[in-house]
Amino acid sequence: MKKTRVRFAPSPTGPLHLGGVRTALYDYLFAKNTGGDFVLRIEDTDVARYVEGAENYILEALEWCGISPDESPKHGGKFAPYRQSERREIYEKYTAEILKTDFAYIAFDTTEELDEIRKEFETKGEVFSYNHQTRNRLKNSISLSETEVQNLLEKKIPFVVRFKMPIDRILNLEDIIRGKFSVNTNTLDDKVLVKHDGMPTYHFANVIDDREMEISHVIRGEEWLPSLGLHVLLYEAMNWEPPQFAHLPLILKPEGKGKLSKRDGDKFGFPVFPLNFKDPETGNISKGYREEGYFPDAFVNFLALLGWSPSDDKEILSLDEMIQEFDIHKVHKAGARFSKEKAEWFNHQYLQKKPTGEILKHLKEIDAVKNSDFSDDKLLKIINLMKERATFTKDIYENGTFFFSAPKTFDEKSLKKAWNEDTPNILNELSERLQTTDFKSEILKENIHQFAETKGLGIGKVMMPLRLALVGELKGPDVPDILEILGKNESLERIEFMVFGVSF
Ligand code: GLU
């Protein structure tokens, strides 16, 4: 059997949106599941929409996700070049070929002329389409005589190449995810295949490259489904065997209606891009999952399940497990609703499973942690204590800032709850007892309980003010655990500060 070859073919018009990353991921999973190749092709024929830095961004994003292509402009490969802007000669050859068939013609209409006609149609309440009904009345090699065409060509009048959509044909199309469906060619227009500048449009370049690069499966976003009829006919025109097609469902907004758009990130407060992207023109930064603190494997796991689920409905899967289990036939037809909570849930799960050494590395990227004189041992204890309630590594620091700096102010409401006139005495006496206690969580716990008991105090009367002295608020992990990590000196200093240093 021939090797499967799957391509991801983004246009470098900006940062890669979540939907694009998921397409790349499914391309990759399908290729690897079937022992095939994953190819990255940069579709940059639309010069007007080209954005500086977008190609590098795409490569960096794929690498961050751990789904590096086997072939790409960076990695090279047997079918190089992998940038469409560098494949002009190949397209020219096939442009000449398709013009010899009955599937293409040249058209001299200028943009202004077409705009004029469009307006005329509008005044009649109709929509203009360059198609089998209008082509005979327009300025092209079908409506003009051969001599007229020759004259225009000699005068170097610019022209485009258009696809000559067959009339009255029912196309029977097949999509791996959506099954079989038909399209009547009369509903399709004569798309431009080659522009005035001699460069092909997406449709033509895409089909040529998929053929040239021996692509076996085209797996791409649902927005390309309406182009499938044209693409299949282009294969027919060129007398080529088409690849198989699969069109992926949309990723929907959190409320479940409408496609998740690039602007939704700002609107709903979550990133829609894998990495931060600085717009070279406006300088605006679009937020990325990486910078937000997501682990790449958690992000990839979350994304993979937006539109596909493995047979046993297992949720936590490594990339290797996903490769094993991936089945394109099981990709859903319906759109997948994006959920920020779910994305965070995945990161939380991965954080719990990560080796603490890896979390330590990330934690030390935070300046306040780096600048503290805490030993790795102490930081590891903080990680173990705090990670259960954390979604991101940074939460370990943010929920545990009291480990790094002693509280200097105490919130009024907590004071009211935890403090009364007996409290200073209680804390002083406790402090004395703790002077001689071994600072191990279990031992501390026992001592504090015994202390409360012998004093005839409810445990809250002791724990609450103690917590306030150590944390500054009435929250955080268990007090004995905090005491152990802070150590004897620091803990007793905090108690003293609370008792003598603050006037209430
Ligand atoms: N260049 C197209 C895009 O950016 C590729 C579509 C396809 O995969 O055929 O969406």
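Keep in mind it's a predicted model, so treat the numbers as computed, not measured.

Criteria and cut-off values
Residues numbered from 1 in each chain as written. Predicted model: local features only at pLDDT ≥ 70, side-chain atom pairs only at ≥ 80, totals over all residues. Heavy atoms only, no water. 1 Å grid on protein atoms, 1.4 Å probe; cavity = no way out; pocket = protein on both sides within 12 Å on 5 of 7 lines; lining within 4 Å. Points joined across faces, edges and corners; volume = space filled by probe spheres on them. Helix = DSSP H or I, 4+ residues; strand = E, 2+ residues; numbered from the N terminus. Expected span 1.5 Å × (residues − 1). Buried < 20%, exposed > 50% of the residue type's maximum accessible area, 1.4 Å probe, protein only. Near = heavy atom within 4 Å. Polar contact = N/O pair within 3.5 Å; in protein donor to acceptor, adjacent residues only side chain to side chain. Areas by Shrake-Rupley, 256 points an atom, 1.4 Å probe, with all protein chains shown as cover. Sits in = over half its atoms within 2 Å of the grid points. Nonpolar A, V, L, I, M, F, W, Y, C, P; charged D, E, K, R; others polar. Contact = heavy atoms within 4.5 Å. Pairing = 2+ DSSP bridges. Salt bridge = Lys/Arg side-chain N within 4 Å of Asp/Glu carboxyl O. Axes fitted to C-alpha atoms, helices over the stretch in contact; angles between N-to-C directions. Parallel < 35°, antiparallel > 145°, perpendicular 65-115°, else oblique. Left-handed = near helix turned anticlockwise from the far one by under 90°.

A. Quick look at the layout of surface pockets. As a volume, the largest pocket reaches approximately 990 Å³. For the largest pocket, the lining is made up of 40 residues, of which Ala9, Pro10, Ser11, Glu223 and Trp224 are closest to its centre. Taken together, the elements giving at least two residues each to the lining of the largest pocket come down to strand E1 (5-8), helix H1 (18-33), helix H6 (202-212) and strand E8 (217-221). With four residues, the top contributor of residues to the lining of the largest pocket is H1.

B. Molecular detail of helix H21 (residues 459-471). Look at H21: 18 Å from first C-alpha to last across 13 residues, which is about the 18 Å you get at 1.5 Å a residue. Of the positions making up H21, those classed as buried are Val462, Met463, Pro465, Leu466, Arg467, Leu468, Ala469, Leu470 and Val471. Glycine 472, located one to two residues past H21, shows a positive phi value of around 95 degrees.

C. Broad picture of the site of the ligand. Near the ligand you find Arg7, Ala9, Pro10, Ser11, Glu43, Tyr202, Asn206, Arg220 and Trp224, and these make up its full shell. Within the side chain of arginine 7, an N or O atom sits 2.8 Å from an oxygen atom of the ligand. Relative to its unbound accessible area of 300 Å², the ligand is 84% covered by the protein chains. With respect to the pocket detection grid, the ligand is positioned in the largest pocket. When grouped by side-chain class, the residues that make up the shell around the ligand number four nonpolar, two polar and three charged.

D. Representation of the side chain of aspartate 210 within the structure. Note on placement: aspartate 210 falls in helix H6. Overall, the relative accessible area of 2% leaves aspartate 210 in the buried class. Discounting residues that sit within four places of it in the chain, aspartate 210 has contacts with Arg7, Arg41, Ile215, Val218 and Tyr235.

E. Representation of the pairing of strand E4 (residues 160-163) in the model. Neither face of E4 is left uncovered, since the one carrying Val160 and Arg162 and the one carrying Val161 and Phe163 both have all their residues buried. Taken together, the four bridges between strand E3 (residues 104-107) and E4 define a ladder with antiparallel strand orientation. Along E4, the bridge assignment pairs tyrosine 105 with arginine 162.

F. Quick look at the pattern of salt bridges. Tallying each qualifying case throughout the model produces 35 salt bridges. A salt bridge links glutamate 63 to lysine 74; the shortest N-O distance between them is 3.0 Å. On the criterion of sequence distance, the pair formed by glutamate 63 in helix H2 (residues 54-65) and lysine 74 in the loop between H2 and helix H3 (88-99) is long-range, its members being 11 residues apart. Residue classification places glutamate 63 among the partly exposed residues on the basis of a relative accessible area of 32%. Connected through salt bridges with shared partners, the residues Arg7, Arg41, Glu43, Arg87, Asp209 and Asp210 form a single ionic network.

G. View of the packing of helix H20 (residues 441-454) against H21. Where H20 contacts H21, the axes come no closer than 8 Å and their chain directions differ by 130 degrees. By the angle between their axes, H20 is oblique relative to H21. Between H20 and H21 lies a crossing of right-handed hand. For the pair H20 and H21, the contacting residues are Ile448, His449, Phe451 and Ala452 in the first and Ile459, Val462, Met463 and Leu466 in the second. When its residues are assigned to classes, the contact of H20 with H21 shows seven nonpolar, one polar and no charged.

H. Structural context of the environment of tyrosine 130. For tyrosine 130, the position within the fold is in the loop between helix H4 (111-123) and helix H5 (146-154). Sequence spacing of tyrosine 130 and arginine 118 is 12 residues, and the spatial spacing of their C-alpha atoms is 9.8 Å. Not counting the four nearest positions on each side in its chain, tyrosine 130 is found in contact with Tyr105, Ala107, Asp109, Leu114, Arg135, Leu138, Lys139, Asn140, Arg162, Asp189 and Asp190. Separated by 3.0 Å, the side chains of tyrosine 130 and asparagine 140 make a polar contact.

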